[in-house]
Structures are given as structure tokens and as C-alpha cells.
Amino acid sequence: MTTLAPENTKTRSELLLNPDWAEITKITPEADGISTYWLRFVDPAVQESFRFEPGQFNMLYLPGFGESAISISSDPEDHEKLGHTIRFVGNVTRAVSRLKVGDVVGLRGPFGTYWPMKEMEGKDVFIACGGIGLPPLRPALYHIIQNREKYGKVTLLYGARTPGDLMFPGEFDAWRKAGIDLEVTVDRGDANWNGRVGVVPMWFYQFRIDPHKTAVLTCGPEIMIRFVIFEALARRVPVESIFVSLERNMKCGQGSCGHCQMGPYFICKDGPVFRFDQLQSFFNVEEF
């Protein structure tokens with residue numbers, strides 16, 4: 001006869017196999033086909049105890065449709081609500097797009113590695129990201145702003161296809177006032193756009209950085225990530241000071257299904273945040 005272990009004796013890994021239910025409290029449209037869903041756990045004890053590090057993700061579960069790995073895009077110190085910025089591109093996320101405030105979803109997590117906020121203290125920080133690559137970095141920005149005295153010069157170079165595709169433009173002024181040197185570029189401007197035009201790597205090389213005391217963080221389309229890294233290496237930033245967040249087709253969140261395998265790594269388990277020297281041998285290989 002098999003006896004089930006009491007709930008409080010289960011390991012963290014075992015607990016992460018079961019979703020906790022969370023209610024949608026607010027939906028914020030960000031761009032065409034992208035919205036931020038603000039969630040609060042139904043169980044007050046789960047809400048009180050849930051913590052995450054900048055760069056981690058949750059597995060969002062919708063009965064009848066499955067799960068999708070979604071980066072957490074909210075403030076790690078705000079324990080009242082949890083934000084996930086979601087692009088509607090697959091069966092699960094398209095189903096999420098039909099949900100309304102008051103509906104409930106399942107969450108498992110948090111999963112994955114995170115931005116090395118402690119390791120970067122005392123350094124300049126250069127963040128280069130594109131499109132939907134900003135949401136996984138927003139928690140790191142919040143952390144830096146709340147601990148501004150621990151970091152040197154902080155630059156955020158952010159790009160999108162068009163002005164209408166920019167994430168969180170309503171926060172840009174607050175970030176600048178908090179000491180973030182924010183530079184925004186778009187691939188294609190419009191009649192009302194007076195800012196930079198061009199892709200992120202094209203502008204990255206024009207910034208002056210001290211390679212010996214600068215950490216580079218990047219997230220976005222893989223082709224953008226590659227060229228940002230090449231530019232950083234050309235500026236002699238050490239590989240140990242370059243960090244990248246990758247998004248792949250993550251299905252299980254625990255390295256079991258193999259969907260997100262990249263060389264010897266599983267993005268869901270060994271990532272999504274990697275130090276570049278871990279990935280360097282794969283970056284010149286097609287379909288790495």
C-alpha cells in the first residue's frame with residue numbers, strides 16, 4: 001500500500017509540478033498583439049510567500065490549452081501583484097488573449113536563472129534589448145532604480161520595429177528621472193517620431209563604455225543578441241561580463257521534454273539567463 005507524503009514534506013521541485021491559481025486583476029494593452037496581465041494568487045498564503053528574481057519566468061497554464069513559459073515583467077519588491085507581458089503567438093497565448101479581468105489561470109514557478117544583480121554592484125550596466133526583450137529586463141531596471149547607489153552609470157538602449165511597438169513608454173520619463181540613461185530607437189519612424197532610427201546594434205557601437213567595469217545585459221531577437229555580443233566583444237568587454245536571456249520553445253519548465261535544448265543546455269533549467277562564456281561555442285553555429 002502506497003502512502004502519500006504530507007503536503008509540507010514535498011520538495012520544492014515536487015511543488016512546482018502543481019499550478020497555483022491566480023486571478024487576472026488588470027489587463028494593460030502594450031502594443032498590437034501584446035498585453036500585460038496583472039495577477040494575484042487566489043490563495044493568500046501563496047500570494048504572501050511568492051518571490052522571484054529579475055529574469056525568471058513562470059509556466060502559465062490554461063486548462064484545455066496547455067502551458068506557456070512567460071517571463072515575469074513586474075517589480076520583484078511589489079508583493080501585491082504579479083505582471084506577465086504576453087505576446088499572442090501560439091495556442092495558449094491566443095487563448096489567454098480572450099480572457100478577461102476576473103478569469104483565473106494556473107501558474108507554476110518561478111523557474112530559471114536570473115540577472116546577476118549582486119554581481120554587477122559597483123559596475124556600470126549597459127542594457128541592450130529589442131521588442132519583447134524589454135519585459136524580462138524590466139524587473140532588473142526596477143531593482144537598479146531601487147538600489148541606484150549600488151551601480152555606476154546605467155544605460156538602456158531599447159529598440160522596436162515602429163514607435164507603436166515600444167513597450168512601457170509611459171514609464172520612460174520615470175526611468176530617466178531615476179538616473180537611467182535611456183536611448184530609444186525604431187527600425188521605421190513615422191511623421192511624429194523625432195528619435196533615433198536604426199537597429200540596436202547599429203547604435204550600440206557609438207556609446208563610450210569602460211570595458212573593464214561594464215556589465216552588458218541583452219535580450220530580444222536572437223539576431224540582435226548576436227550582433228550586440230559581437231559589438232561588446234569588439235569593445236573588449238570580457239565574456240564573463242556579458243549576460244544574455246534566451247527564449248525558446250519551453251514546454252515543461254524542468255528540462256524533461258527537450259524542446260528548449262541548446263547544445264548541452266536546457267533553456268528552462270540552465271537558463272534563460274546565461275553568462276556568454278557558457279554559450280560562446282554555439283553562437284557561430286546555425287540553429288544553435
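The structure reproduced in this document is the subject of the present report. (Residues numbered from 1 in each chain as written. Predicted model: local features only at pLDDT ≥ 70, side-chain atom pairs only at ≥ 80, totals over all residues. Heavy atoms only, no water.)

### Notes on the packing of aromatic side chains
As enumerated under the stated definition, the model contains 11 aromatic pairs in all. Between F227 and F230, the aromatic rings sit 6.0 Å apart at their centres with planes inclined by 85 degrees, giving edge-to-face as the arrangement. Placement of both F227 and F230 in helix α7 (residues 222–234) is noted, with a separation of three residues, approximately one turn of the helix. Three or more aromatic residues joined by ring pairs form one cluster here, namely F41, F50 and F52. (Phe/Tyr/Trp six-rings, centres within 6.5 Å; stacked < 30°, edge-to-face > 60°. Helix = DSSP H or I, 4+ residues; strand = E, 2+ residues; numbered from the N terminus.)

### Thoughts on a nonpolar patch on the surface
On the surface, W21, V42 and V104 cluster together into a nonpolar patch covering about 260 Å² of accessible area. Relative to the assigned elements, W21 resides in strand β1 (residues 20–31). Using a relative accessible area of 36% as the deciding quantity, one classes W21 as partly exposed. (Patch = residues over 30% accessible without salt bridge, like charges linked within 9 Å, V, L, I, M, F, W, Y side chains within 5 Å. Areas by Shrake-Rupley, 256 points an atom, 1.4 Å probe, with all protein chains shown as cover. Salt bridge = Lys/Arg side-chain N within 4 Å of Asp/Glu carboxyl O. Buried < 20%, exposed > 50% of the residue type's maximum accessible area, 1.4 Å probe, protein only.)

### Comments concerning helix α4 (residues 138–146)
Side chains of residues three or four places apart in an α-helix project in the same direction, reflecting 3.6 residues per turn. Listing the buried residues of α4 in full gives R138, P139, A140, L141, Y142 and I144. In the core, the buried residues of α4 are packed alongside β2 (34–41), β5 (82–87), β7 (124–130), β8 (154–160), α5 (172–177) and β9 (180–186). (Contact = heavy atoms within 4.5 Å.)

### A look at the nonpolar core
One finds W115, L134, L156, Y158, W175 and L217 to be the most contacted residues of the largest nonpolar core, which totals 34 residues. Mapped onto this core, the elements with two or more residues apiece are β7, α4, β8, α5, β9 and β11 (214–219). Once residues within four sequence positions are removed from consideration, L134 is found in contact with C129, L141, L156, Y158, M167, F168 and W175. Ranked by size, the runner-up nonpolar core spans 33 residues in total, among them F57, V216, I242 and C260. (Core = buried A, V, L, I, M, F, W, Y, C linked by side-chain atoms within 4.5 Å.)

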